[in-house]
Amino acid sequence: MLSVVRVHLPSEIPIVGCEITPYVLLRLPNGAISTDDVPETAAVDGHFMRYRWYRIQSDRKVAICSVHPMEQATIQCLGCLKSKIPAAKSYHCSAKCFSDAWQHHKVLHERASSALNENGAEEEELFGRFGSGSSGILSSGSGSMSNLGQSPGVNNGPVPLYPSGSDKTSGETWFEVGRSQTYTPTADDIGHVLRFECAAVDTEKKVPAGPPTSIMTSRVIPAPTPTPRHLIQVNGDVLGHLDMDSQSSSFGTFTVLSYNILADAYATSDAYSYCPTWALSWTYRRQNLMREIIGYHADIICLQEVQLNHFEDFFAPEFDKHGYQALYKKRTTEVYAGVPHAIDGCATFFRRDRFSHVKKYEVEFNKAAQSLTDAIIPPAQKRVALNRLIKDNIALIAVLEAKFGNQGTENPGKRQLLCVANTHVNVHQDLKDVKLWEVQTLLKGLEKIANSADIPMLVCGDFNSIPGSTPHGLLAIGKVDQLHPDLAIDPLGILRPVSKLTHQLPLVSAYSSFARMVGVGYDLEHQRRRMDSGTNEPLFTNCTRDFTGTVDYIFYTADSLSVESLLELLDEESLRKDTALPSPEWSSDHIALLAEFRCKPRIRR
């Protein structure tokens, strides 16, 4: 007979919006062990599997700490209530928790106060975009959390509208909330324990063949969300916040996002031991990443470290729902020895109502390495050279056509094209020659495109190169300092002569625009403190326990594009004290960069 051998939860901690799929081990009538579901439509030996989910509600109300969501709150910030900040953000588990978080927490008060004083904005305008998935407040009547931020489209199966059971001695009531193997907690579940039951059911009698097997979770916690990041205008003397929630950029402008999202294959507890295991799980991170990325409303999105299976199963269909077309290029596999479907790559998405796809170029640095060794490396050294050069890195280049026109230019009837390069130069720090060679190879390819068409260019990605390094210098100023110490590492002679390490593209780092901003103000001073005065780049875009620095960039051709605004940078206050990335609030070890651009009028050459 069909029976349950074991039930296991992938994580004991359920999070609002994160699908839970218990691991159910079955013994089939023939004695075989299986993890495959047995639905009623495919019954085995007259039996099928039935699943039930229950929410266990106690008479005792529970509030959750906004900083440590696994802990119950013991104190509440009255300042939050006075500032009309969502109550869920006001709870803390201890006085020390509140004190440690104050540098970050007070920013909520300042922004809320500023918005109320200046334009009467309600808290939903400040926090709704990111807080919508986790803002639960205590209900004064039922003892449950109010139903705020339930993810649209969540389907936990048909459920009855009445309690399924109760225990008068413990003061608990069981509400049936789902009838499928998977369940996605909602805001109603915050602070409550969930119970999963499964049983083999007789197909004819519709009754369980034996007592159900059950397992209970810990209390459901809200999905922690980061403090919202705003766009800051940089194209004039006036500093101001732009409307991130608008469904499109202003006419004639467009926004570009670049973000290394940290592939699941690399998000291990060994690598990120400081991050809670539940916050490293892909079911949680994919929800948090998607909510963050969609919240930026970018017209073009360049993501790095996107696993092939996650692109196909999650990102492509999810972005499609939001009106984006997708392009993808996975890394090559000469070196890669992992599971084929888990290899990562670069994904570029663009809004179909703003751009159309014209052409796609795929750059495989392994092929370029093969051509290089054939040309300059003696046959006896070729194997050694390829072992050094082949790193499976790629670049994805998309040529797009703008649908919003180019009114105001000298040629209003001419097509407005845009070239967007997306890359991840994942090379070990000891191989500085290989890293520089890959960047040079990409730039030479982009030069060919530029020579064939008068087209603005964007170069986005994770270059694993800090400001002041040779790859950064090549990108930012078009050449390499011939006395740079990095050039001393060149065992294959691929960087000689150094004079060839140049390009003619007028590239400028978008975030260096912050250094050219003028004026005074709270936000401007904060951005200046988050920039390196020597390089005019952010202090960091990657922040772990082992490394904090800038390796991600958005470069643009300054003769054809101008920067209108930039997404504000983060600081240690925003990341919370003594916390590295990834964290429950931020689901990658990198931060997203976003810039708004405007096409300049074409000047005839």
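Anything mentioned here points back to the structure above.
Residues numbered from 1 in each chain as written. Predicted model: local features only at pLDDT ≥ 70, side-chain atom pairs only at ≥ 80, totals over all residues. Heavy atoms only, no water.

Trainee: Before we go on, may I ask you to explain the overall build of the protein chain in this structure?
Mentor: A tally of regular secondary structure across the protein chain gives 12 helices and 25 strands. For the protein chain, the proportion of contacts with a sequence separation of at least 24, taken over those separated by at least 6, is 74%. (Helix = DSSP H or I, 4+ residues; strand = E, 2+ residues; numbered from the N terminus. Contact = heavy atoms within 4.5 Å.)

Trainee: Explain the packing of aromatic side chains to me, please; I cannot follow it from the model alone.
Mentor: What characterises a pair of aromatic rings is the spacing of the ring centres plus the angle enclosed by the ring planes. Tallied over the full model, the rule gives 22 aromatic pairs. For the ring pair F254 and F355, a centre distance of 5.8 Å and an interplane angle of 90 degrees mean the geometry is edge-to-face. In this pair, F254 sits in strand β12 (residues 253-260) while F355 sits in strand β16 (residues 355-364), placing the two residues 101 residues apart along the sequence. With respect to burial, F254 and F355 carry one shared label: buried. (Phe/Tyr/Trp six-rings, centres within 6.5 Å; stacked < 30°, edge-to-face > 60°. Buried < 20%, exposed > 50% of the residue type's maximum accessible area, 1.4 Å probe, protein only.)

Trainee: When you look at the side chain of D552 in this model, what are you seeing that I'm missing?
Mentor: Residue placement: D552 occurs in strand β23 (residues 552-557). Although D552 is buried, it makes no salt bridge; R229 carries the closest opposite charge, 10 Å away. Separated by 2.6 Å, the side chains of D552 and T541 make a polar contact. A polar side-chain atom of D552 sits 2.8 Å from a polar atom in the side chain of H590. With residues near it in sequence (within four places) discarded, D552 still touches N260, Q304, G461, D462, T541, N542, H590 and L593. (Lys, Arg positive; Asp, Glu negative; His and termini not counted. Salt bridge = Lys/Arg side-chain N within 4 Å of Asp/Glu carboxyl O. Polar contact = N/O pair within 3.5 Å; in protein donor to acceptor, adjacent residues only side chain to side chain.)

Trainee: What exactly am I supposed to notice about the pattern of salt bridges here?
Mentor: Side chains bearing opposite charge may pair, as long as their charged atoms lie close to each other. By the definition in use, this model includes 22 salt bridges. Close ionic contact of R52 with E176 constitutes a salt bridge, the shortest N to O distance being 3.6 Å. Note that R52 is positioned in strand β4 (residues 47-58) and E176 in strand β8 (residues 172-178), a separation of 124 residues in sequence. Accessibility expressed as a relative area gives 8% for E176, which makes it buried. A salt bridge links K321 to E318; the nearest nitrogen and oxygen atoms lie 3.0 Å apart. In this pair, K321 and E318 both sit in helix α6 (residues 308-321), three residues apart, roughly one turn of the helix. Classification of K321 by relative accessible area gives exposed; the value is 63%. A relative accessible area of 22% places E318 in the partly exposed class.

Trainee: Would you take a moment to explain the sheet that holds strand β19 (residues 457-462) for this structure?
Mentor: Strands pair in a sheet through their backbones, by hydrogen bonds, and they do so in one of two ways: parallel or antiparallel. Taken together, six strands build an open sheet; the order of strands is β16-β17-β18-β19-β23-β20 and the sheet is mixed. The sheet terminates laterally at β16 and β20 (507-509), the two strands that pair on one side only. Across the sheet, the mean angle separating the axes of adjacent strands is 20 degrees when strand polarity is ignored. Strand direction decides the pairing type here: β16 and strand β17 (residues 394-402), joined by nine bridges, are antiparallel. By the bridge assignment, H357 is partnered in β17 with L400. Contacting β16, β17, β18 (417-424), β19 and β20, helix α9 (residues 432-452) crosses the sheet at an angle of about 160 degrees to β19. (Pairing = 2+ DSSP bridges. Axes fitted to C-alpha atoms, helices over the stretch in contact; angles between N-to-C directions.)

Trainee: What is the right way to look at the packing of α9 against helix α10 (residues 470-477) in this model?
Mentor: Packed helix pairs are specified by the crossing angle of their axes together with the interaxial distance, meaning the distance between the axes. It is at 8 Å that the axes of α9 and α10 come closest, and there the two elements cross at 20 degrees. In terms of orientation, α9 and α10 fall into the roughly parallel class. Between α9 and α10 lies a crossing of right-handed hand. Here α9 contributes K435, L436, V439, Q440 and L443 to the contact with α10, which in turn contributes T470, P471, L474 and L475. (Parallel < 35°, antiparallel > 145°, perpendicular 65-115°, else oblique. Left-handed = near helix turned anticlockwise from the far one by under 90°.)

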